[in-house]
Amino acid sequence: SQKIEQNSEALNIQEGKTATLTCNYTNYSPAYLQWYRQDPGRGPVFLLLIRKNEKEKRKERLKVTFDTTLKQSLFHITASQPADSATYLCALDGGTGRRALTFGSGTRLQVQP
Amino acid sequence: GAGVSQSPSNKVTEKGKDVELRCDPISGHTALYWYRQSLGQGLEFLIYFQGNSAPDKSGLPSDRFSAERTGGSVSTLTIQRTQQEDSAVYLCAIRQGAYNEQFFGPGTRLTVL
């Protein structure tokens, strides 16, 4: 069955450092991969999308890579700030059919001032 | 999010009771999804509405769950004879972009005692 793995342990880093979060998947061939941010008590918020034929995507301090051979995506936040503290979810999209996203369980990021 | 409202924000009910959860998206979005998020888990797809097509109910966990969408806008998720394992946050989302970026509501936290 399809499986998405994100590090369940919280990631703690110092302000100003680069945070790197990992998303691994098995038994899936996604057309797109998305990253969302979720704050406590709120719904996920879309951040970035990368297509299977793209290696890297950037948006301001965010960078996403997508390696379909390794079946892995890395999500980087450069010059991290305490306001970046949240849970980050990766989501896979098969690109056809109902287009419901398959989500990982998320990684909680804590940026210390 | 501003484009999707959900009510109630919190619902506490007794085991065996029926509950109705409401999703009210801004107009003009044809694709609407319901997901469920249990504590510490990723989002689990429940049901998908696309225009006037028959809904994709393949994610509903049991026949106690049902949903409808009236007038192509407001959607209601109904859980009959609630069980404690139904306790979760129920999230509604609309398709936002060309690549299936999704815009989530704030969710309804359901607690079954």
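Just so it is clear, the model here is predicted, and its values are computed rather than measured.

Within the largest apolar cluster, 23 residues are counted, with the highest numbers of intra-cluster contacts made by Tyr 25, Leu 33, Trp 35, Phe 75, Ile 77, Tyr 88 and Leu 109 of chain A. Within the residue set of this core, elements represented by two or more residues are β3 (19-26), β4 (32-38), β5 (45-51), β7 (62-67), β8 (72-77), β9 (86-93) and β11 (107-112) of chain A. Once residues lying within four places of it in the same chain are set aside, the contact partners of Leu 109 of chain A are Leu 11, Ile 13, Ala 19, Ile 77, Asp 84, Ser 85, Ala 86 and Tyr 88 of chain A. Counting residues in each nonpolar core, the second largest holds 20 residues, with Val 19, Cys 23, Phe 65 and Leu 77 of chain B among its members.

Residues and elements named next belong to chain A. Taken as a whole, this structure holds 13 aromatic pairs over all chains when the rule is applied. Here the aromatic rings of Trp 35 and Phe 75 are separated by 4.8 Å at their centres, their planes lie at 20 degrees, and the arrangement is stacked. With Trp 35 in strand β4 and Phe 75 in strand β8, this residue pair connects regions lying 40 residues apart in the sequence. With respect to burial, Trp 35 and Phe 75 carry one shared label: buried. Note on Tyr 36 and Phe 103: the rings are 5.6 Å apart at their centroids and 55 degrees apart in plane angle, and the pair reads as tilted. Placement of the pair is Tyr 36 in strand β4 and Phe 103 in strand β10 (residues 102-103), with a sequence separation of 67 residues.

What follows concerns the interface of chain B and chain A. Accessible area lost upon the coming together of the parts is a frequently used measure of interface size. Chain B puts 20 residues into the contact, and the matching count from chain A is 20 residues. Across the chain B to chain A interface the summed buried area is about 1600 Å²; carbon plus sulfur atoms make up 55%. Between chain B and chain A we count 0 salt bridges in total. Counting the contacts that link chain B with chain A gives 7 residue pairs in polar contact (both at pLDDT 80 or more). Residue composition of the side of chain B that touches chain A, by class: 9 nonpolar, 8 polar and 3 charged.

Definitions and limits used
- Residues numbered from 1 in each chain as written.
- Chains lettered and ligands numbered in written order.
- Predicted model: local features only at pLDDT ≥ 70, side-chain atom pairs only at ≥ 80, totals over all residues.
- Heavy atoms only, no water.
- Core = buried A, V, L, I, M, F, W, Y, C linked by side-chain atoms within 4.5 Å.
- Buried < 20%, exposed > 50% of the residue type's maximum accessible area, 1.4 Å probe, protein only.
- Helix = DSSP H or I, 4+ residues; strand = E, 2+ residues; numbered from the N terminus.
- Contact = heavy atoms within 4.5 Å.
- Phe/Tyr/Trp six-rings, centres within 6.5 Å; stacked < 30°, edge-to-face > 60°.
- Buried area = accessible area lost by both parts, 1.4 Å probe.
- Salt bridge = Lys/Arg side-chain N within 4 Å of Asp/Glu carboxyl O.
- Polar contact = N/O pair within 3.5 Å; in protein donor to acceptor, adjacent residues only side chain to side chain.
- Nonpolar A, V, L, I, M, F, W, Y, C, P; charged D, E, K, R; others polar.

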